[in-house]
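# Geometric and topological summary
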Amino acid sequence: MAADHRGTAQDTAHALRTDVLVVGAGPAGLMLACELRLGGAEVTVLDERPGPTTESRATTLHARTMEILDSRGLLDVLGTPPCEPRGHFGGIGLDLTLPSSHPGQWKVPQGRTEELLQDRAVQLGADLRRSHRLTGLTSGPDGVSADALGPDGPVRFSARYLVGCDGEDSTVRRLVGADFPGRDAVRELLRADVSGIRTPDRRFLRLPDGLAISATRDGVTRVMVHAFGSRARHRTGAPDFAEVVEAWKRVTGEDIGHGVPLWINAFGDAGRQLDRYRHGRILFAGDAAHQQMPSGGQALNLGVQDSFNLGWKLAAEIRGDAPDGLLDSYHTERHAVGADVLANIRAQSRLLLGGPEIEPVRVIVAELIALDDVRTRLAGTISGLAVRYDLGDGGDHPLLGLRLPPAGLTRLADGGATTVRTAELLRRGTGLLLDLGADPAPGGLAAAARDVHRVVRVSARPAPGSPLRAGEALLVRPDGHVAWAGRSTGDPALHTALRRWFGEPDRARTAPHQSTATAAAR
(Lines give C-alpha, C1' and ligand atoms only; values in the text may rest on other atoms or scores of the structure.)
Protein backbone atom coordinates (compact mmCIF):
# COMPACT_ATOMS: atom_id res chain seq x y z
CA MET A 1 0.00 0.00 0.00
CA ALA A 2 1.34 3.43 -0.92
CA ALA A 3 2.34 5.83 1.82
CA ASP A 4 1.00 9.29 1.00
CA HIS A 5 3.18 11.85 2.77
CA ARG A 6 1.12 14.85 1.70
CA GLY A 7 -2.41 13.70 2.31
CA THR A 8 -3.53 13.30 -1.32
CA ALA A 9 -2.95 10.54 -3.84
CA GLN A 10 -0.48 11.48 -6.61
CA ASP A 11 -1.14 10.96 -10.33
CA THR A 12 2.17 10.10 -12.05
CA ALA A 13 0.77 10.07 -15.60
CA HIS A 14 2.35 13.43 -16.46
CA ALA A 15 5.29 13.30 -14.07
CA LEU A 16 8.91 13.80 -15.10
CA ARG A 17 10.49 10.39 -14.70
CA THR A 18 13.91 9.48 -13.36
CA ASP A 19 15.57 6.55 -11.66
CA VAL A 20 16.58 8.44 -8.51
CA LEU A 21 15.35 11.79 -7.23
CA VAL A 22 17.88 13.40 -4.90
CA VAL A 23 16.56 16.23 -2.73
CA GLY A 24 19.35 18.59 -1.73
CA ALA A 25 22.35 19.82 -3.73
CA GLY A 26 24.81 20.18 -0.90
CA PRO A 27 28.00 18.11 -0.83
CA ALA A 28 26.15 14.89 0.13
CA GLY A 29 23.50 15.22 -2.58
CA LEU A 30 25.96 16.16 -5.30
CA MET A 31 28.39 13.39 -4.41
CA LEU A 32 25.49 10.95 -4.55
CA ALA A 33 24.49 12.25 -7.97
CA CYS A 34 28.05 11.70 -9.23
CA GLU A 35 28.15 8.13 -7.95
CA LEU A 36 24.71 7.27 -9.31
CA ARG A 37 25.62 8.52 -12.77
CA LEU A 38 28.93 6.70 -12.65
CA GLY A 39 26.92 3.54 -11.94
CA GLY A 40 24.57 4.18 -14.86
CA ALA A 41 21.46 5.46 -13.04
CA GLU A 42 19.40 8.40 -14.25
CA VAL A 43 19.34 11.03 -11.51
CA THR A 44 17.54 14.33 -10.94
CA VAL A 45 18.65 16.66 -8.14
CA LEU A 46 16.32 19.27 -6.61
CA ASP A 47 17.48 22.16 -4.47
CA GLU A 48 15.76 25.25 -3.12
CA ARG A 49 18.80 27.46 -3.62
CA PRO A 50 19.62 29.16 -6.93
CA GLY A 51 23.25 27.98 -6.79
CA PRO A 52 26.03 26.63 -4.56
CA THR A 53 26.18 28.14 -1.11
CA THR A 54 27.75 31.57 -0.81
CA GLU A 55 27.92 31.26 2.97
CA SER A 56 31.20 30.38 4.60
CA ARG A 57 30.06 27.25 6.37
CA ALA A 58 32.24 24.15 6.53
CA THR A 59 35.81 24.78 5.38
CA THR A 60 37.52 21.46 6.08
CA LEU A 61 37.98 18.34 3.98
CA HIS A 62 39.53 15.50 5.95
CA ALA A 63 41.94 12.89 4.67
CA ARG A 64 39.38 10.22 3.74
CA THR A 65 37.26 12.70 1.80
CA MET A 66 40.35 13.87 -0.08
CA GLU A 67 41.16 10.25 -0.90
CA ILE A 68 37.60 9.77 -2.18
CA LEU A 69 37.90 12.82 -4.43
CA ASP A 70 41.25 11.52 -5.64
CA SER A 71 39.74 8.12 -6.47
CA ARG A 72 37.29 9.86 -8.82
CA GLY A 73 39.85 12.19 -10.41
CA LEU A 74 38.42 15.31 -8.80
CA LEU A 75 41.63 16.54 -7.21
CA ASP A 76 42.99 17.25 -10.67
CA VAL A 77 40.35 19.98 -10.82
CA LEU A 78 40.47 21.10 -7.19
CA GLY A 79 44.22 21.47 -7.12
CA THR A 80 46.17 21.59 -3.87
CA PRO A 81 44.35 23.59 -1.18
CA PRO A 82 46.05 24.72 2.04
CA CYS A 83 46.66 21.88 4.47
CA GLU A 84 46.89 22.00 8.25
CA PRO A 85 48.33 18.85 9.85
CA ARG A 86 46.89 19.69 13.26
CA GLY A 87 43.24 19.70 14.19
CA HIS A 88 41.61 19.40 17.57
CA PHE A 89 39.50 17.22 19.79
CA GLY A 90 37.18 19.36 21.87
CA GLY A 91 39.54 22.31 21.43
CA ILE A 92 42.60 20.29 22.51
CA GLY A 93 45.28 20.17 19.83
CA LEU A 94 45.46 16.91 17.89
CA ASP A 95 47.96 15.86 15.24
CA LEU A 96 45.86 14.41 12.40
CA THR A 97 48.82 13.00 10.50
CA LEU A 98 48.17 9.35 9.60
CA PRO A 99 49.26 7.15 6.68
CA SER A 100 47.34 8.61 3.75
CA SER A 101 47.92 10.24 0.41
CA HIS A 102 46.39 13.38 1.93
CA PRO A 103 47.04 13.48 5.70
CA GLY A 104 45.78 16.39 7.76
CA GLN A 105 42.86 18.70 7.13
CA TRP A 106 42.49 20.60 3.88
CA LYS A 107 40.94 24.04 3.83
CA VAL A 108 38.30 24.22 1.11
CA PRO A 109 35.24 26.48 1.46
CA GLN A 110 31.98 24.57 1.22
CA GLY A 111 30.93 26.61 -1.80
CA ARG A 112 34.01 25.44 -3.69
CA THR A 113 33.30 21.82 -2.75
CA GLU A 114 29.75 22.18 -4.03
CA GLU A 115 30.94 23.78 -7.28
CA LEU A 116 33.41 20.94 -7.82
CA LEU A 117 30.81 18.21 -7.29
CA GLN A 118 28.11 20.08 -9.18
CA ASP A 119 30.31 20.44 -12.26
CA ARG A 120 31.18 16.74 -12.19
CA ALA A 121 27.57 15.64 -11.65
CA VAL A 122 26.37 17.73 -14.59
CA GLN A 123 29.29 16.51 -16.71
CA LEU A 124 28.23 12.94 -15.99
CA GLY A 125 24.66 13.72 -17.05
CA ALA A 126 22.79 14.50 -13.84
CA ASP A 127 19.69 16.69 -14.20
CA LEU A 128 20.20 19.50 -11.66
CA ARG A 129 17.14 21.65 -10.97
CA ARG A 130 17.80 24.72 -8.84
CA SER A 131 15.13 26.86 -7.14
CA HIS A 132 12.86 23.83 -6.69
CA ARG A 133 11.23 23.31 -3.29
CA LEU A 134 9.80 19.91 -2.38
CA THR A 135 6.17 20.18 -1.27
CA GLY A 136 4.91 16.61 -1.11
CA LEU A 137 5.69 12.99 -1.81
CA THR A 138 4.07 9.59 -1.99
CA SER A 139 5.94 6.31 -1.75
CA GLY A 140 4.81 2.85 -2.77
CA PRO A 141 6.32 -0.58 -3.39
CA ASP A 142 7.43 0.36 -6.90
CA GLY A 143 8.56 3.95 -6.55
CA VAL A 144 8.05 7.48 -5.32
CA SER A 145 6.04 10.42 -6.64
CA ALA A 146 7.14 13.90 -5.55
CA ASP A 147 5.73 17.39 -6.02
CA ALA A 148 7.92 20.47 -6.11
CA LEU A 149 7.44 24.16 -6.67
CA GLY A 150 9.86 25.52 -9.26
CA PRO A 151 10.44 28.92 -10.86
CA ASP A 152 7.71 28.20 -13.44
CA GLY A 153 5.21 26.67 -11.03
CA PRO A 154 4.40 23.17 -9.75
CA VAL A 155 6.34 20.18 -11.09
CA ARG A 156 5.75 16.50 -10.45
CA PHE A 157 8.45 13.83 -10.51
CA SER A 158 8.23 10.05 -10.58
CA ALA A 159 11.26 8.07 -9.43
CA ARG A 160 12.12 4.53 -8.50
CA TYR A 161 13.91 5.84 -5.39
CA LEU A 162 14.19 9.15 -3.56
CA VAL A 163 17.10 10.17 -1.33
CA GLY A 164 16.82 12.99 1.19
CA CYS A 165 20.09 14.93 1.35
CA ASP A 166 18.39 18.15 2.41
CA GLY A 167 20.10 18.87 5.71
CA GLU A 168 19.28 18.77 9.39
CA ASP A 169 15.92 20.49 8.81
CA SER A 170 15.07 17.92 6.13
CA THR A 171 11.75 18.38 4.36
CA VAL A 172 11.91 14.76 3.21
CA ARG A 173 12.28 13.55 6.78
CA ARG A 174 9.36 15.70 7.90
CA LEU A 175 7.10 14.49 5.10
CA VAL A 176 7.98 10.87 5.77
CA GLY A 177 7.47 11.33 9.51
CA ALA A 178 10.68 9.44 10.22
CA ASP A 179 11.71 9.13 13.87
CA PHE A 180 14.72 11.33 14.60
CA PRO A 181 15.60 10.53 18.20
CA GLY A 182 18.26 12.31 20.18
CA ARG A 183 18.71 15.41 22.26
CA ASP A 184 18.14 19.11 21.73
CA ALA A 185 20.95 21.63 21.97
CA VAL A 186 21.95 22.76 25.45
CA ARG A 187 24.87 25.01 24.51
CA GLU A 188 25.68 26.87 21.33
CA LEU A 189 28.42 28.78 19.56
CA LEU A 190 27.76 32.09 17.83
CA ARG A 191 29.66 32.42 14.56
CA ALA A 192 30.19 35.38 12.23
CA ASP A 193 32.40 36.44 9.34
CA VAL A 194 33.22 40.11 9.84
CA SER A 195 35.19 42.62 7.78
CA GLY A 196 36.78 45.80 9.08
CA ILE A 197 37.96 44.52 12.46
CA ARG A 198 41.37 43.68 13.89
CA THR A 199 41.54 41.02 16.55
CA PRO A 200 44.28 38.57 17.51
CA ASP A 201 44.04 35.08 16.04
CA ARG A 202 42.80 32.74 18.72
CA ARG A 203 42.64 28.97 18.46
CA PHE A 204 40.09 27.65 20.98
CA LEU A 205 41.15 30.11 23.64
CA ARG A 206 39.36 29.48 26.92
CA LEU A 207 39.10 32.66 28.95
CA PRO A 208 37.53 33.10 32.38
CA ASP A 209 34.12 33.99 30.92
CA GLY A 210 33.97 31.82 27.82
CA LEU A 211 35.48 30.39 24.66
CA ALA A 212 36.81 32.63 21.87
CA ILE A 213 38.01 31.61 18.42
CA SER A 214 39.14 34.01 15.69
CA ALA A 215 41.12 33.86 12.47
CA THR A 216 41.57 36.36 9.65
CA ARG A 217 41.92 35.41 5.98
CA ASP A 218 41.79 37.81 3.03
CA GLY A 219 40.60 40.68 5.20
CA VAL A 220 37.67 38.76 6.72
CA THR A 221 37.74 37.63 10.32
CA ARG A 222 35.75 34.64 11.46
CA VAL A 223 34.82 34.88 15.11
CA MET A 224 33.18 32.19 17.20
CA VAL A 225 32.19 32.71 20.78
CA HIS A 226 30.46 30.93 23.65
CA ALA A 227 29.86 32.60 27.00
CA PHE A 228 30.07 30.11 29.83
CA GLY A 229 26.70 29.51 31.41
CA SER A 230 24.72 30.64 28.37
CA ARG A 231 22.09 28.30 26.98
CA ALA A 232 21.14 27.48 23.41
CA ARG A 233 18.16 29.48 22.17
CA HIS A 234 15.33 28.28 19.99
CA ARG A 235 15.96 30.17 16.77
CA THR A 236 13.98 30.62 13.59
CA GLY A 237 16.74 32.59 11.89
CA ALA A 238 20.29 33.85 12.29
CA PRO A 239 21.31 35.77 15.43
CA ASP A 240 21.56 39.54 15.27
CA PHE A 241 25.09 40.91 14.98
CA ALA A 242 24.46 42.79 18.22
CA GLU A 243 24.18 39.44 20.02
CA VAL A 244 27.56 38.36 18.66
CA VAL A 245 29.10 41.73 19.58
CA GLU A 246 27.77 41.49 23.15
CA ALA A 247 28.99 37.92 23.67
CA TRP A 248 32.40 38.67 22.17
CA LYS A 249 32.88 41.70 24.44
CA ARG A 250 31.74 39.73 27.48
CA VAL A 251 34.28 36.98 26.83
CA THR A 252 37.26 38.89 25.38
CA GLY A 253 36.70 42.51 26.45
CA GLU A 254 37.01 43.60 22.80
CA ASP A 255 34.47 45.64 20.87
CA ILE A 256 33.87 44.45 17.29
CA GLY A 257 30.65 46.44 16.83
CA HIS A 258 32.23 48.70 14.21
CA GLY A 259 32.78 45.73 11.87
CA VAL A 260 30.59 44.74 8.94
CA PRO A 261 28.98 41.31 9.37
CA LEU A 262 29.06 39.29 6.14
CA TRP A 263 27.45 36.16 7.50
CA ILE A 264 26.15 35.09 10.92
CA ASN A 265 24.81 31.86 12.33
CA ALA A 266 24.62 29.84 15.50
CA PHE A 267 25.09 26.14 15.98
CA GLY A 268 24.35 24.09 19.05
CA ASP A 269 25.37 20.76 20.50
CA ALA A 270 22.19 18.90 19.52
CA GLY A 271 22.68 15.27 18.53
CA ARG A 272 20.11 13.21 16.62
CA GLN A 273 20.16 10.21 14.31
CA LEU A 274 17.51 8.42 12.31
CA ASP A 275 16.63 4.96 13.54
CA ARG A 276 16.60 3.82 9.92
CA TYR A 277 18.42 5.32 6.96
CA ARG A 278 16.06 3.48 4.61
CA HIS A 279 12.28 3.75 4.57
CA GLY A 280 11.25 1.55 1.68
CA ARG A 281 11.94 3.50 -1.51
CA ILE A 282 13.14 6.56 0.43
CA LEU A 283 16.65 6.82 1.86
CA PHE A 284 18.57 9.49 3.76
CA ALA A 285 22.18 10.66 3.72
CA GLY A 286 24.19 13.45 5.30
CA ASP A 287 22.67 15.81 7.84
CA ALA A 288 19.17 14.63 6.90
CA ALA A 289 20.15 11.33 8.55
CA HIS A 290 22.12 12.71 11.48
CA GLN A 291 22.41 16.05 13.25
CA GLN A 292 25.55 16.96 15.10
CA MET A 293 27.58 19.98 16.15
CA PRO A 294 29.97 20.65 13.22
CA SER A 295 33.07 20.14 15.31
CA GLY A 296 36.25 19.94 13.28
CA GLY A 297 34.38 19.77 9.99
CA GLN A 298 33.14 16.25 10.58
CA ALA A 299 29.54 16.88 9.48
CA LEU A 300 30.27 17.67 5.82
CA ASN A 301 32.79 14.85 5.53
CA LEU A 302 30.43 12.35 7.13
CA GLY A 303 27.74 13.24 4.61
CA VAL A 304 30.03 12.90 1.59
CA GLN A 305 31.15 9.52 2.86
CA ASP A 306 27.52 8.42 3.40
CA SER A 307 26.83 9.14 -0.26
CA PHE A 308 29.99 7.41 -1.42
CA ASN A 309 28.79 4.27 0.33
CA LEU A 310 25.23 4.55 -0.95
CA GLY A 311 25.78 5.56 -4.56
CA TRP A 312 27.20 2.37 -6.04
CA LYS A 313 24.73 0.20 -4.13
CA LEU A 314 21.68 2.15 -5.26
CA ALA A 315 23.00 2.23 -8.85
CA ALA A 316 23.29 -1.57 -8.79
CA GLU A 317 19.72 -1.78 -7.53
CA ILE A 318 18.60 0.42 -10.42
CA ARG A 319 20.51 -1.68 -12.98
CA GLY A 320 18.94 -4.85 -11.61
CA ASP A 321 22.17 -6.68 -10.79
CA ALA A 322 22.34 -5.93 -7.06
CA PRO A 323 22.58 -9.04 -4.89
CA ASP A 324 20.01 -9.49 -2.15
CA GLY A 325 20.63 -7.22 0.81
CA LEU A 326 23.11 -4.91 -0.92
CA LEU A 327 21.01 -1.76 -0.55
CA ASP A 328 20.16 -2.56 3.06
CA SER A 329 23.89 -2.78 3.84
CA TYR A 330 23.99 1.01 3.43
CA HIS A 331 22.05 1.48 6.66
CA THR A 332 23.97 -1.27 8.46
CA GLU A 333 27.35 0.22 7.62
CA ARG A 334 26.73 3.94 7.76
CA HIS A 335 24.38 4.06 10.76
CA ALA A 336 27.14 2.52 12.87
CA VAL A 337 29.67 5.04 11.57
CA GLY A 338 27.27 7.90 12.23
CA ALA A 339 26.66 6.73 15.78
CA ASP A 340 30.41 6.65 16.45
CA VAL A 341 30.86 10.17 15.09
CA LEU A 342 27.95 11.51 17.12
CA ALA A 343 29.45 9.97 20.25
CA ASN A 344 32.84 11.58 19.70
CA ILE A 345 31.24 14.93 18.90
CA ARG A 346 29.13 14.72 22.07
CA ALA A 347 32.34 14.24 24.06
CA GLN A 348 33.99 17.11 22.21
CA SER A 349 31.09 19.46 22.87
CA ARG A 350 31.44 18.93 26.62
CA LEU A 351 35.18 19.57 26.45
CA LEU A 352 34.77 22.59 24.22
CA LEU A 353 31.75 24.34 25.68
CA GLY A 354 31.85 23.23 29.30
CA GLY A 355 32.66 25.85 31.91
CA PRO A 356 35.50 25.90 34.43
CA GLU A 357 34.18 22.66 35.95
CA ILE A 358 35.40 20.75 32.87
CA GLU A 359 39.03 21.87 33.18
CA PRO A 360 40.24 18.81 35.16
CA VAL A 361 38.81 16.55 32.45
CA ARG A 362 40.52 18.59 29.73
CA VAL A 363 43.86 18.20 31.49
CA ILE A 364 43.47 14.41 31.58
CA VAL A 365 42.33 14.23 27.95
CA ALA A 366 45.32 16.33 26.86
CA GLU A 367 47.65 13.92 28.65
CA LEU A 368 45.97 10.95 26.99
CA ILE A 369 46.18 12.53 23.52
CA ALA A 370 49.94 12.74 24.00
CA LEU A 371 49.97 8.90 23.90
CA ASP A 372 50.36 7.80 20.29
CA ASP A 373 47.76 5.01 20.45
CA VAL A 374 45.16 7.47 21.72
CA ARG A 375 46.14 10.11 19.18
CA THR A 376 45.96 7.58 16.36
CA ARG A 377 42.53 6.37 17.47
CA LEU A 378 41.05 9.87 17.68
CA ALA A 379 42.72 11.10 14.49
CA GLY A 380 41.44 8.02 12.65
CA THR A 381 37.88 8.72 13.76
CA ILE A 382 37.94 12.42 12.86
CA SER A 383 39.70 11.89 9.52
CA GLY A 384 37.48 8.95 8.51
CA LEU A 385 40.53 6.78 7.88
CA ALA A 386 39.67 4.38 10.70
CA VAL A 387 36.26 3.39 9.26
CA ARG A 388 36.13 -0.38 9.08
CA TYR A 389 32.95 -2.08 7.93
CA ASP A 390 31.98 -5.35 9.53
CA LEU A 391 31.91 -7.70 6.55
CA GLY A 392 31.09 -10.84 8.54
CA ASP A 393 32.84 -14.11 7.81
CA GLY A 394 35.33 -12.73 5.32
CA GLY A 395 38.45 -13.82 7.17
CA ASP A 396 40.88 -12.04 9.44
CA HIS A 397 43.09 -10.17 6.98
CA PRO A 398 44.21 -6.83 8.50
CA LEU A 399 42.81 -4.86 5.54
CA LEU A 400 39.38 -6.52 5.47
CA GLY A 401 36.67 -3.86 5.80
CA LEU A 402 39.14 -0.97 5.68
CA ARG A 403 39.66 1.30 2.69
CA LEU A 404 42.32 0.24 0.19
CA PRO A 405 45.40 2.12 1.41
CA PRO A 406 46.96 4.57 -1.02
CA ALA A 407 49.98 2.92 -2.61
CA GLY A 408 52.14 2.94 -5.69
CA LEU A 409 52.00 -0.08 -7.98
CA THR A 410 53.66 -1.44 -11.07
CA ARG A 411 50.80 -2.52 -13.32
CA LEU A 412 51.40 -5.52 -15.56
CA ALA A 413 49.47 -5.58 -18.83
CA ASP A 414 50.08 -6.63 -22.43
CA GLY A 415 53.63 -7.67 -21.70
CA GLY A 416 54.56 -4.25 -20.32
CA ALA A 417 54.68 -2.44 -17.00
CA THR A 418 53.45 1.00 -15.99
CA THR A 419 53.45 2.90 -12.71
CA VAL A 420 50.01 3.55 -11.22
CA ARG A 421 48.48 4.61 -7.90
CA THR A 422 45.71 2.64 -6.24
CA ALA A 423 43.41 5.69 -6.43
CA GLU A 424 43.69 5.66 -10.22
CA LEU A 425 42.41 2.08 -10.35
CA LEU A 426 39.12 3.20 -8.77
CA ARG A 427 38.32 6.01 -11.20
CA ARG A 428 35.56 4.17 -13.07
CA GLY A 429 33.55 3.32 -9.97
CA THR A 430 33.63 -0.44 -10.52
CA GLY A 431 34.78 -3.28 -8.31
CA LEU A 432 38.46 -4.16 -8.46
CA LEU A 433 40.16 -7.55 -8.18
CA LEU A 434 43.75 -6.53 -7.55
CA ASP A 435 46.15 -9.42 -8.14
CA LEU A 436 49.51 -8.73 -6.50
CA GLY A 437 50.99 -12.07 -7.47
CA ALA A 438 48.58 -14.40 -5.69
CA ASP A 439 48.43 -18.07 -6.56
CA PRO A 440 46.35 -18.58 -9.72
CA ALA A 441 42.81 -19.85 -9.29
CA PRO A 442 42.18 -23.50 -10.10
CA GLY A 443 39.02 -24.32 -12.01
CA GLY A 444 38.72 -20.95 -13.68
CA LEU A 445 37.58 -18.95 -10.65
CA ALA A 446 39.68 -15.97 -11.79
CA ALA A 447 37.78 -16.03 -15.06
CA ALA A 448 34.52 -16.15 -13.12
CA ALA A 449 35.65 -13.07 -11.23
CA ARG A 450 36.15 -11.26 -14.52
CA ASP A 451 32.66 -12.25 -15.60
CA VAL A 452 30.95 -10.81 -12.53
CA HIS A 453 29.31 -7.53 -13.47
CA ARG A 454 31.42 -4.39 -12.98
CA VAL A 455 34.53 -6.04 -11.50
CA VAL A 456 37.81 -5.24 -13.22
CA ARG A 457 40.83 -7.48 -12.73
CA VAL A 458 44.25 -5.80 -12.52
CA SER A 459 47.62 -7.54 -12.17
CA ALA A 460 50.27 -5.46 -10.43
CA ARG A 461 53.17 -5.55 -8.01
CA PRO A 462 53.47 -3.29 -4.97
CA ALA A 463 56.27 -0.75 -4.81
CA PRO A 464 58.96 -1.13 -2.13
CA GLY A 465 57.69 -0.05 1.26
CA SER A 466 54.07 -0.37 0.16
CA PRO A 467 51.34 -1.13 2.73
CA LEU A 468 50.19 -3.84 0.28
CA ARG A 469 51.74 -7.30 0.30
CA ALA A 470 53.19 -9.04 -2.72
CA GLY A 471 51.76 -12.50 -3.30
CA GLU A 472 48.21 -11.53 -2.29
CA ALA A 473 45.02 -10.50 -4.01
CA LEU A 474 42.36 -8.02 -2.90
CA LEU A 475 38.72 -7.61 -3.88
CA VAL A 476 37.85 -3.92 -3.56
CA ARG A 477 34.34 -2.48 -3.67
CA PRO A 478 33.57 0.63 -5.74
CA ASP A 479 33.74 2.71 -2.54
CA GLY A 480 37.33 1.60 -2.03
CA HIS A 481 36.76 -0.77 0.88
CA VAL A 482 38.39 -4.19 0.87
CA ALA A 483 35.77 -6.94 0.66
CA TRP A 484 38.19 -9.90 0.53
CA ALA A 485 41.93 -10.47 0.80
CA GLY A 486 43.92 -13.66 0.47
CA ARG A 487 46.83 -15.47 -1.14
CA SER A 488 44.90 -17.32 -3.82
CA THR A 489 42.23 -16.28 -6.30
CA GLY A 490 40.97 -19.81 -5.92
CA ASP A 491 39.88 -19.11 -2.33
CA PRO A 492 36.17 -20.03 -1.96
CA ALA A 493 35.81 -16.94 0.22
CA LEU A 494 36.56 -14.82 -2.86
CA HIS A 495 33.74 -16.57 -4.70
CA THR A 496 31.42 -15.77 -1.81
CA ALA A 497 32.52 -12.13 -1.61
CA LEU A 498 32.09 -11.61 -5.35
CA ARG A 499 28.51 -12.81 -5.22
CA ARG A 500 27.73 -11.00 -1.99
CA TRP A 501 28.79 -7.59 -3.30
CA PHE A 502 28.40 -7.90 -7.08
CA GLY A 503 25.81 -10.61 -7.69
CA GLU A 504 25.81 -13.71 -9.90
CA PRO A 505 27.53 -13.58 -13.30
CA ASP A 506 24.37 -14.68 -15.10
CA ARG A 507 22.54 -11.66 -13.64
CA ALA A 508 24.97 -9.24 -15.26
CA ARG A 509 23.52 -6.77 -17.69
CA THR A 510 24.76 -3.63 -19.34
CA ALA A 511 24.26 -0.47 -17.29
CA PRO A 512 22.27 2.27 -19.02
CA HIS A 513 24.50 5.14 -20.15
CA GLN A 514 27.48 3.39 -18.59
CA SER A 515 29.83 4.29 -21.40
CA THR A 516 28.89 7.98 -21.30
CA ALA A 517 29.27 8.31 -17.55
CA THR A 518 32.50 6.29 -17.47
CA ALA A 519 34.06 8.31 -20.27
CA ALA A 520 33.23 11.55 -18.49
CA ALA A 521 34.83 10.26 -15.29
CA ARG A 522 38.18 9.56 -16.86
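Whatever comes next refers back to the structure up there.
Here the structure is a predicted model, which is why all the values come from computation and not from measurement.

Basis of the calculations
- Residues numbered from 1 in each chain as written.
- Predicted model: local features only at pLDDT ≥ 70, side-chain atom pairs only at ≥ 80, totals over all residues.
- Heavy atoms only, no water.
- Disulfide = S-S within 2.5 Å.
- Buried < 20%, exposed > 50% of the residue type's maximum accessible area, 1.4 Å probe, protein only.
- Helix = DSSP H or I, 4+ residues; strand = E, 2+ residues; numbered from the N terminus.
- Contact = heavy atoms within 4.5 Å.
- Axes fitted to C-alpha atoms, helices over the stretch in contact; angles between N-to-C directions.
- Parallel < 35°, antiparallel > 145°, perpendicular 65-115°, else oblique.
- Left-handed = near helix turned anticlockwise from the far one by under 90°.
- Pairing = 2+ DSSP bridges.
- Salt bridge = Lys/Arg side-chain N within 4 Å of Asp/Glu carboxyl O.

## Re the state of the cysteines
All told, the structure shown has 0 disulfides when counted by the stated rule. C34 forms no disulfide, and the closest cysteine sulfur to it belongs to C165, at a distance of 12 Å. For C165, a relative accessible area of 9% translates into the label buried.

## A look at the environment of P398
Inspection of the secondary structure puts P398 in the loop between helix 10 (372-383) and strand 23 (408-413). Separated by 276 residues in sequence, P398 and V122 place their C-alpha atoms 38 Å apart. Excluding anything up to four places from it in sequence, P398 contacts R388 and R469.

## Focus: the packing of helix 2 (residues 63-71) against helix 7 (residues 298-319)
Contact geometry of helix 2 with helix 7 gives a least axis separation of 10 Å together with a crossing angle of 40°. The pairing of helix 2 with helix 7 is recorded here as oblique in orientation. Helix 7 is crossed by helix 2, and the crossing has left-handed handedness. Between helix 2 and helix 7, the residues in contact are R64, T65, I68 and S71 and N301, V304, Q305 and F308, respectively.

## Comments concerning the sheet that holds strand 26 (residues 455-462)
Spatially, the 6 strands line up as an open sheet ordered 24-23-26-25-27-28, and their pairing is mixed. Two strands lie at the open edges of the sheet, namely strand 24 (416-421) and strand 28 (482-486), each paired on one side alone. On average, each strand axis in the sheet is tilted by 30° relative to the strand beside it, whichever way the strands run. Judged from the 6 bridges that link them, strand 23 and strand 24 form a sheet pairing that is antiparallel. For L409, the partnering residue across the bridge sits in strand 24 and is V420.

## Examining the pattern of salt bridges
Should the charged atoms of two oppositely charged side chains come close, the side chains can pair. Inspection of every chain in the model, using the stated rule, returns 30 salt bridges. Notably, a salt bridge pairs R49 with E114, separated by 3.3 Å at the nearest N-O pair. Of the two residues, R49 sits in the loop between strand 3 (43-46) and strand 4 (60-62) while E114 sits in helix 4 (residues 110-124), which places them 65 residues apart along the sequence. Members of the salt-bridge network, linked through shared partners, are D47, R49, E114 and R130.

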